[in-house]
Amino acid sequence: MTDIALQEGEQLVGSGPVAAGDTVRWMIGDTISGVGATARVHILVKPVRPDITTNLIINTDRRTYHIELRANWDVFLNVLNVEVHDSASANQLCDILYGTEARKEGRNHRLNSPFYVQILRPLYWAGLLSQCAGDKRFGGERQFVKTPLWSVALRLETDVLVKEATRH
């Protein structure tokens, strides 16, 4: 997630002060920290998939911001590198990447489906991830784990955080 923090006291103005070209594949919201003269508006931006771009316009009482947003595979792959080392479900990965509030607000299915179709499934088809169906008696979520090809094909910043599996 990216936090665009405005200056202290800077306020959003007009109807629809934050606009983006692609609001389907980008989650965009705002919040405020501080109170009174030290209040600060934060624009929170998060892509729902890698390798996408869009524009963002923010209108305030001081200026208009024109921003180009780019999502890239590095973030997603580094998170997956650590999280699917010992296996994780698509729901667990969505919670890590997009926050647990998405599930509470009922948006998790909207995020989980594209996340599976556009990220997990291609990595599975490429042989980088293995997937197995979970036991329906225990919640039955499909689990993903890295295959041996993952470490051969990819060199990532988070490799140092992942401990090698014990082989017997």
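Computed from a prediction, not measured in an experiment: that's the story for all the values here. (Residues numbered from 1 in each chain as written. Predicted model: local features only at pLDDT ≥ 70, side-chain atom pairs only at ≥ 80, totals over all residues. Heavy atoms only, no water.)

Novice: Which residues make up the sheet that holds strand S9 (residues 143-146), and what values do they have?
Specialist: Whenever strands of a sheet pair, they do so through backbone hydrogen bonds, lying parallel or antiparallel. On the basis of which strands lie adjacent, the open sheet formed by three strands has the order S7-S9-S8 and antiparallel pairing. Only two strands of the sheet have a single partner each, and these edge strands are strand S7 (88-89) and strand S8 (129-132). In terms of strand pairing, S8 meets S9 through four bridges, oriented antiparallel. In the sheet register, Gln131 faces S9, and the bridge partner there is Phe144. (Pairing = 2+ DSSP bridges. Helix = DSSP H or I, 4+ residues; strand = E, 2+ residues; numbered from the N terminus.)

Novice: If you had to explain the packing of aromatic side chains to someone new, which residues and values would you point to?
Specialist: Here a ring pair, both rings aromatic, is described through the centre-centre distance and the interplanar angle of the planes. Applying the stated criterion across every chain, the model contains one aromatic pair. Taken together, a centroid distance of 6.1 Å and an interplanar angle of 50° make the contact between Tyr116 and Phe144 tilted. Of this pair, Tyr116 sits in helix H4 (residues 108-125) while Phe144 sits in strand S9, and the two are 28 residues apart along the sequence. We classify Tyr116 as buried; its relative accessible area is 15%. A residue is classified by how much of its surface remains accessible, and Phe144, at 1% relative accessible area, is buried. The aromatic ring of Tyr116 is capped on one face by Arg142, whose charged end is 4.5 Å from the ring centroid. (Phe/Tyr/Trp six-rings, centres within 6.5 Å; stacked < 30°, edge-to-face > 60°. Buried < 20%, exposed > 50% of the residue type's maximum accessible area, 1.4 Å probe, protein only. Lys NZ or Arg CZ within 6 Å of the ring centre and 35° of its normal.)

Novice: Would you mind going over the nonpolar core in detail, with residue names and values included?
Specialist: In this structure, Leu80, Tyr98, Phe115, Leu120, Leu123 and Trp150 are the most contacted members of the largest nonpolar core, which totals 23 residues. Residue assignment for this core shows that the elements contributing at least two residues are helix H1 (73-83), helix H2 (90-98) and H4. Val41, Val45, Ile52 and Ala71 belong to the second-largest nonpolar core, a separate cluster that totals 11 residues. (Core = buried A, V, L, I, M, F, W, Y, C linked by side-chain atoms within 4.5 Å.)

Novice: Please give an account of the environment of Leu44 that cites residues and values.
Specialist: Considering the arrangement of structural elements, one finds Leu44 in strand S4 (residues 40-47). In sequence terms Leu44 and Asp3 are 41 residues apart; their C-alpha atoms lie 4.8 Å from each other. Excluding anything up to four places from it in sequence, Leu44 contacts Met1, Thr2, Asp3, Met27, Ile28, Gly29 and Thr31. (Contact = heavy atoms within 4.5 Å.)

Novice: Account for a nonpolar patch on the surface, with residues named and values stated.
Specialist: Together, Val82, Val160 and Leu161 make up a nonpolar patch on the protein surface, roughly 310 Å² of accessible area in all. Take Val160: it is sitting in the segment after helix H5 (148-153). (Patch = residues over 30% accessible without salt bridge, like charges linked within 9 Å, V, L, I, M, F, W, Y side chains within 5 Å. Areas by Shrake-Rupley, 256 points an atom, 1.4 Å probe, with all protein chains shown as cover. Salt bridge = Lys/Arg side-chain N within 4 Å of Asp/Glu carboxyl O.)

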